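# Architecture at a glance
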Amino acid sequence: MAERRQLDAKRIVVKVGTSTLIYPNGKINLKAIDQLSYTLSGLVNDGKQIVLVSSGAIGVGMGQLNLTERPTDIPAQQALAAIGQSTLMTIYQQRFATYSQKISQMLLTHDVLDYPESRANVLNAFDKLLDWGIIPVVNENDTVAVDELDHKTKFGDNDQLSAIVASIVDADLLIMLSDIDGFYDKNPRKYQDATLLAEVNKVSKDTYEQAGGKGSKFGTGGMLTKLKAAKRMMKNGKQMVLANGSNPSIIFRILAGEKIGTLFSRED
Ligand SMILES: Nc1ncnc2c1ncn2[C@@H]1O[C@H](COP(=O)(O)OP(=O)(O)O)[C@@H](O)[C@H]1O
Ligand SMILES: N[C@@H](CCC(=O)OP(=O)(O)O)C(=O)O
């Protein structure tokens, strides 16, 4: 039998990108959301504590207004996020309810986590929700987090937000689901001979040079922000797995130790 990874994780942050939640035609991928709800509910039943960091607010908002291009002006993005976030949460509520799983919403801004008191408040809320077996669904508070504001509110992207949340709640593992099978030695959308890396033990300048930009018109981060998230996890002595979220039940196989996607793990 193939060798398995050792992933002894009890508290897990799962991040899903816009490309996992929304089809290229702008419609919501209900199958992916259903699979995600089924999988995460199953894990909570199995005694795991799960935080879901979900992008998609702006993408869902765009779909609702039949916009095919993401607007560049900030107020329009804020407004779309406000429209899309509530719809996204309604869909999550319905799907998770099928499995009798309660969820909650946490919208965060960077400045909140910069202040020790508000950071402690956020952690207390996470801890209580997780103790109660409720899944916090986290997103950046896009209507508030605008770069132009004079205090730093923006995380930048949800890849890094997910690693920051993982560090706040002291999660053992970050599972990042994207539209690609893992991290390749070069951008596979550009180079046919790109090779999937099963394990990365160090994120260096050279690693960043292997990463290219985003793959879909809805996402923001691309591979660079995923590497920054991985670096943050590894710095804290934690692990991150980057895998394809087209069928989110892949998480069961990842947690069973199957060598899927790319494992970012510091060498001891
Ligand atoms: N070295 C690389 N390995 C894998 N993907 C890469 C690499 N460089 C660039 N990419 C791109 O990063 C994309 C994933 O990032 P992104 O589009 O932001 O997705 P998400 O919405 O899941 O956050 C891939 O689809 C691919 O086009
Ligand atoms: N907060 C934004 C998502 C920003 C983001 O990082 O998106 P993605 O690259 O798809 O993870 C939203 O909900 O639309």
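Residues numbered from 1 in each chain as written. Chains lettered and ligands numbered in written order. Predicted model: local features only at pLDDT ≥ 70, side-chain atom pairs only at ≥ 80, totals over all residues. Heavy atoms only, no water.

A separate point is the nonpolar core. The nonpolar side chains of soluble globular proteins are, as a tendency, buried together. Counting 38 residues, the largest nonpolar core has Val-13, Phe-126, Val-138, Val-165, Phe-183, Met-240 and Phe-264 as the members making the most contacts within it. Mapped onto this core, the elements with two or more residues apiece are strand E2 (49–54), strand E3 (103–108), helix H6 (116–131), helix H7 (158–168), strand E5 (173–178), helix H9 (222–235) and strand E7 (239–244). Ignoring anything within four residues of it in the chain, the contact list for Phe-183 reads Thr-195, Leu-196, Leu-197, Val-200, Thr-207, Gln-210, Ala-211, Met-223, Leu-227, Leu-242, Thr-262 and Phe-264. If you look at the next biggest cluster of nonpolar residues, it comprises 34 residues, including Ile-33, Leu-40, Val-44 and Ile-175. (Core = buried A, V, L, I, M, F, W, Y, C linked by side-chain atoms within 4.5 Å. Buried < 20%, exposed > 50% of the residue type's maximum accessible area, 1.4 Å probe, protein only. Helix = DSSP H or I, 4+ residues; strand = E, 2+ residues; numbered from the N terminus. Contact = heavy atoms within 4.5 Å.)

The next subject is the pattern of salt bridges. Taken as a whole and assessed by the stated rule, the structure comprises nine salt bridges. Residues Asp-127 and Arg-11 are paired through a salt bridge, measuring 3.0 Å at the closest nitrogen-oxygen approach. Taken together, the residues Asp-127 in helix H6 and Arg-11 in strand E1 (residues 11–16) connect sequence positions 116 residues apart. Asp-127 sits in the partly exposed class, given a relative accessible area of 25%. Of the charged contacts in the structure, one is a salt bridge between Asp-170 and Lys-238, with a shortest N-O distance of 2.8 Å. (Salt bridge = Lys/Arg side-chain N within 4 Å of Asp/Glu carboxyl O.)

To continue, consider H6. With 16 residues, H6 extends 22 Å between its outermost C-alpha atoms, agreeing within 8% with the 22 Å of an ideal straight helix rising 1.5 Å per residue. Among the residues of H6, those classed as buried are Val-122, Phe-126, Leu-129 and Leu-130. Looking straight down H6, one finds that the buried residues subtend no more than 100° of arc, so they occupy a single side. Turned more than 90 degrees off the buried face of H6, the exposed positions are Pro-116, Glu-117, Asn-121 and Asp-131. In this fold, the buried residues of H6 make contact with E1, E2, E3, helix H5 (110–114), strand E4 (135–140) and H7. Within two residues after H6, Gly-133 carries a phi angle of roughly 75°, on the positive side. (Expected span 1.5 Å × (residues − 1). Arc of directions from axis to C-beta.)

With that settled, the discussion passes to unusual backbone geometry. Unlike most non-glycine residues, Asn-66 shows phi in positive territory, near 55°. Take Asn-66: it is sitting in the loop between helix H3 (57–64) and helix H4 (74–98). With a phi angle near 55°, Asp-170 is a residue other than glycine that sits in the positive phi range. One can find Asp-170 in the loop between H7 and E5.

If you check UniProt for "binding site: ATP" (unreviewed entry), the listed places come out as Lys-15, Ser-178, Asp-179, Thr-220, Gly-221, Gly-222, Met-223, Leu-224, Thr-225 and Lys-226 in our numbering. Of note, Thr-225 is situated in helix H9. For Thr-225, the residues in contact, after removing those within four places along its chain, are Asp-157, Asp-159 and Gln-160. (UniProt positions renumbered as here; feature names shortened; annotations may be inferred.)

Quick look at the environment of Phe-252 now. Among the structural elements, Phe-252 can be located in helix H10 (residues 250–255). Judged by its relative accessible area of 32%, Phe-252 is partly exposed. A C-alpha to C-alpha distance of 17 Å links Phe-252 and Phe-96, two positions 156 residues apart in sequence. Sequence-distant contacts of Phe-252, that is, excluding residues within four places in its chain, are made with Tyr-38, Thr-39 and Leu-43.

Moving on, we get to H7. In an α-helix, one turn spans 3.6 residues; hence positions three or four apart end up facing the same way. With ten of eleven residues buried, H7 lies mostly within the body of the structure. Asn-158, Asp-159, Gln-160, Leu-161, Ser-162, Ala-163, Ile-164, Val-165, Ala-166 and Ile-168 are the residues of H7 that are buried. Its side-chain oxygen at 2.9 Å from the backbone nitrogen of Asp-159, Asp-157 defines the N-terminal cap of H7. (Polar contact = N/O pair within 3.5 Å; in protein donor to acceptor, adjacent residues only side chain to side chain.)

This paragraph deals with the confidence of the model for the chain. Scored by pLDDT, the chain comes out at a mean of 91, with 92% of its residues at no less than 70. In the model output, the complex is listed with pTM 0.94 alongside ipTM 0.96. (pLDDT = per-residue confidence, 0-100.)

Orientation of helix H2 (residues 30–45) relative to H4, taken along the N-to-C sense of each, is 55°, at an axis distance of 9 Å. In terms of axis orientation, H2 runs oblique to H4. Crossing hand, H2 versus H4: right-handed. On H4, the residues touching Leu-30, Ile-33, Asp-34, Leu-36, Ser-37, Leu-40 and Ser-41 of H2 are Leu-88, Ile-91, Tyr-92, Arg-95 and Phe-96. Tallied by class, residues from the contact of H2 with H4 come to eight nonpolar, two polar and two charged. (Axes fitted to C-alpha atoms, helices over the stretch in contact; angles between N-to-C directions. Parallel < 35°, antiparallel > 145°, perpendicular 65-115°, else oblique. Left-handed = near helix turned anticlockwise from the far one by under 90°. Nonpolar A, V, L, I, M, F, W, Y, C, P; charged D, E, K, R; others polar.)

Glancing now at the sheet that holds E5. Reading across the sheet, the eight strands line up as E3-E4-E2-E1-E5-E7-E8-E6 and stay open at both edges, with mixed pairing between neighbours. The sheet is open, and its two edges are formed by E3 and strand E6 (199–200), each paired on a single side. Pairing analysis gives six bridges linking E5 to E7, with the strands arranged parallel. Note that in E7 the partner of Leu-177 across the bridge is Ala-243. With respect to the sheet, H9 is in contact with E1, E5, E6, E7 and strand E8 (262–264), its orientation differing from that of E7 by roughly 150°. (Pairing = 2+ DSSP bridges.)

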